[in-house]
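# Summary of the model geometry
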Amino acid sequence: MNKLIRAGIKRMFRIKTLYICLAVLFLIGGFDIIKEFLFREPGRDLPDPGGYLLSGFLTTVLLSAVFITSFLGAEHQYGTLRNKIVAGNNRLSIYVSSFIVCYAAVMIMYGFVWLETTFFGTLMLGGYTYGAKELLNLFLISFLGFTMLTALFVLIALCVHSKSLGSVSAVIAAFAIMICGVMTVQILSVPAFIPVEQIAAQDLPDYEKVPDDPSIVINPDYVDGGRRKVFETVHLLCPVSQMISSSEEPNADGMLVSLAETVVLLASGMLIFKKRDLN
Amino acid sequence: MEYILKTNCLTKKYKDFAALRGLTMSIPKGSIYGFVGKNGAGKTTLIRLICGLQDADAGEYELFGVKNSEKDIFRSRRRMGAIVETPSIYLDMTAEDNLKQQADMLGRPSYEGIDELLHLVGLKDTGKKRARNFSLGMRQRLGIAIALCGDPDFLVLDEPINGLDPQGIIEIRELILTLNRERKITVLISSHILDELSKLATHYGFIDHGQIVREMNAEELERACRKCIRLTVTDVRALAMVLDKMGIEYKITDDHHADVYAKPILSAITRELDQYGCDLISADERDESLESYYISLVGGGSHE
């Protein structure tokens, strides 16, 4: 398997796809920080560069879907998977090595985001104000989140025999995960109550009052009961949602779930890949 | 005789279609084995099975003496190189990078020998040109170079001359002959272009509807396809008596025709036939090709 990993890593650097992804990350990440630096409103506090890690995370999710399906889809398209099988490698080794190589590529991309954010952030925004714990949590959540996402995209790329179909499926999956994550965080972060002073006097009768506390009213947008449980489950399952809501407190449950998801996705992918006929 | 590949009753089904129905064949070491059959006969399916791309539903095969059910089959496969249908090459890489990639995948410690391989397949001067911009023949040759990268003892080529121009066909033919004669590589080659195959193969396997119809070596095929003179007469029984009397080998094909496997003196035959009141109407030289022999074996039914 070491041979396959080595060959995969070398191929990763021989083709343009990774460099294009890094260039896109550089442009998007750098542009965001430079724009903030140049066009910030006078007197407004500079944001923490850590905030830009989130946008880098989202861009990397999308680019990793593109990279993995393009990188592995090419093996189907060009028929080069056959060379690996004929060379006496079993399918398990091929699958695991593909996962490792793709994960390395994703980590290179996200590592690049951290480097870029830290460099431009320190230079233009004055460096991180987030605590070390918060940054560590961000790192851990994104590290595990990308493990799960890589496992998902590798499954799609290796088990869908068409490169274009695989790419489209992975990009749709990436968008779905991102939208799902953002929406879940938005919904779960809606407060249960609203202070009365924040509501216009003529609108107040429309709100349900809290019997014990006249200073607040019930927020009609607050989701509770069974629906909240659903969104909380989605939050636990979705690495993007965990990344967005990352704080100083480590989200141990979320991390464990990401690990479990990775294992399930890898096992399912290997099973499908092992049983499918290759052309 | 030592065999590189032996299959025993291999069966493979795709849903309701049986691509292989108990296929049994043997490829002798050092041979160029021509695998002949029409589209859908099961040639590529067999190649896919022995390459490990698919699993058989029943039956077994031995590659270098190792059964497909044994763990060592993966090690045996390292001794083979293959092109299945289309050459397996990275189109976004140069010929040299493709070979380096294959060398990395095989775990070779260095890129030594890559120049020699490029020279062997005639792609030494392709420089930075990506495989995407190669002609079909160049891609085919690069595919062969990749298959040769692991110094295989057994080369499997599935339709290697499909779509090539005459020059490309000659180049591939010469290359295969060189590999077989100089490097002692056993070659399994499937092809539709039967006359071309007859210039290469030392052994043949004729496949039809997922079964081997006949296996034979080149000498046997030559005997089966040998030249003859077809005589057309008014009385074939009289002709048989005359030919028996003259000690000439023949085969009666119908009431008026017989194939004579020698160079008979026609005037002598005519004189003898005259005594039986039989006329010699015509004498045509016939040369049964591999193609016509194949048709006689499997019939000229529609292609699937």
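In what follows, the structure referred to is the one given above.
I will try to describe carefully the structure that is included in this document. (Residues numbered from 1 in each chain as written. Chains lettered and ligands numbered in written order. Predicted model: local features only at pLDDT ≥ 70, side-chain atom pairs only at ≥ 80, totals over all residues. Heavy atoms only, no water.)

## A closer look at the nonpolar core
- Counting 146 residues, the largest nonpolar core has Phe67(A), Ile68(A), Leu99(B), Leu142(B), Phe154(B), Leu188(B) and Phe206(B) as its most contacted members.
- It is helix α6 (residues 132-159) of chain A that contributes the most residues to this core, 16 residues altogether.
- Beyond its immediate sequence surroundings of up to four residues, Phe67(A) is in contact with Met12(A), Thr17(A), Leu18(A), Cys21(A), Ala105(A) and Met109(A).
- With 14 residues, the next largest nonpolar core counts Val233(B), Val260(B), Leu273(B) and Cys278(B) among its residues. (Core = buried A, V, L, I, M, F, W, Y, C linked by side-chain atoms within 4.5 Å. Buried < 20%, exposed > 50% of the residue type's maximum accessible area, 1.4 Å probe, protein only. Helix = DSSP H or I, 4+ residues; strand = E, 2+ residues; numbered from the N terminus. Contact = heavy atoms within 4.5 Å.)

## Structural notes on the sheet that holds strand β7 (residues 154-158) of chain B
Residue and element names in this part refer to chain B.
- Within the open sheet, the 6 strands sit side by side as β6-β7-β8-β3-β9-β10. Their pairing is mixed. Two strands lie at the open edges of the sheet, namely β6 (80-83) and β10 (211-217), each paired on one side alone. With strand direction ignored, the average angle separating the axes of adjacent strands in the sheet is 15°.
- With 6 bridges joining them, strand β9 (residues 203-208) and β10 adopt antiparallel strand pairing. The residue of β10 that forms the bridge with Phe206 is Arg214.
- Across the sheet, helix α5 (residues 136-148) lies against β6 and β7, angled at about 160° from β6, the strand it touches most.
- Its contacts with the sheet place helix α11 (residues 290-298) against β3 (32-36), β9 and β10, and it is angled at close to 40° to β9. (Pairing = 2+ DSSP bridges. Axes fitted to C-alpha atoms, helices over the stretch in contact; angles between N-to-C directions.)

## What about the packing of helix α1 (residues 2-14) of chain A against helix α5 (residues 91-125) of chain A?
Residues and elements named next belong to chain A.
- Their axes nearest at 9 Å, the elements α1 and α5 cross at an angle of 40°. Between α1 and α5, the crossing angle belongs to the class labelled oblique. Of the two possible hands of crossing, α1 and α5 adopt the one that is right-handed. Counting all contacts with α1, which are made through Leu4, Ile5, Gly8, Ile9, Met12 and Phe13, the residues of α5 involved are Ser93, Ile94, Ser97, Ile100, Val101, Ala104, Ala105 and Ile108.
- Across the contact of α1 with α5, the residue classes tally to 11 nonpolar, 3 polar and no charged. (Parallel < 35°, antiparallel > 145°, perpendicular 65-115°, else oblique. Left-handed = near helix turned anticlockwise from the far one by under 90°. Nonpolar A, V, L, I, M, F, W, Y, C, P; charged D, E, K, R; others polar.)

## Thoughts on the sheet that holds strand β1 (residues 3-14) of chain B
Residue and element names in this part refer to chain B.
- Spatial ordering of the open sheet is given by β2-β1-β4-β5, a layout of 4 strands whose pairing is antiparallel. The strands lining the two open edges of the sheet, one partner per strand, are β2 (17-28) and β5 (66-67).
- Helix α1 (residues 43-51) rests against β1, β2 and β4 (58-63) of the sheet, and its axis sits at about 115° to β1.

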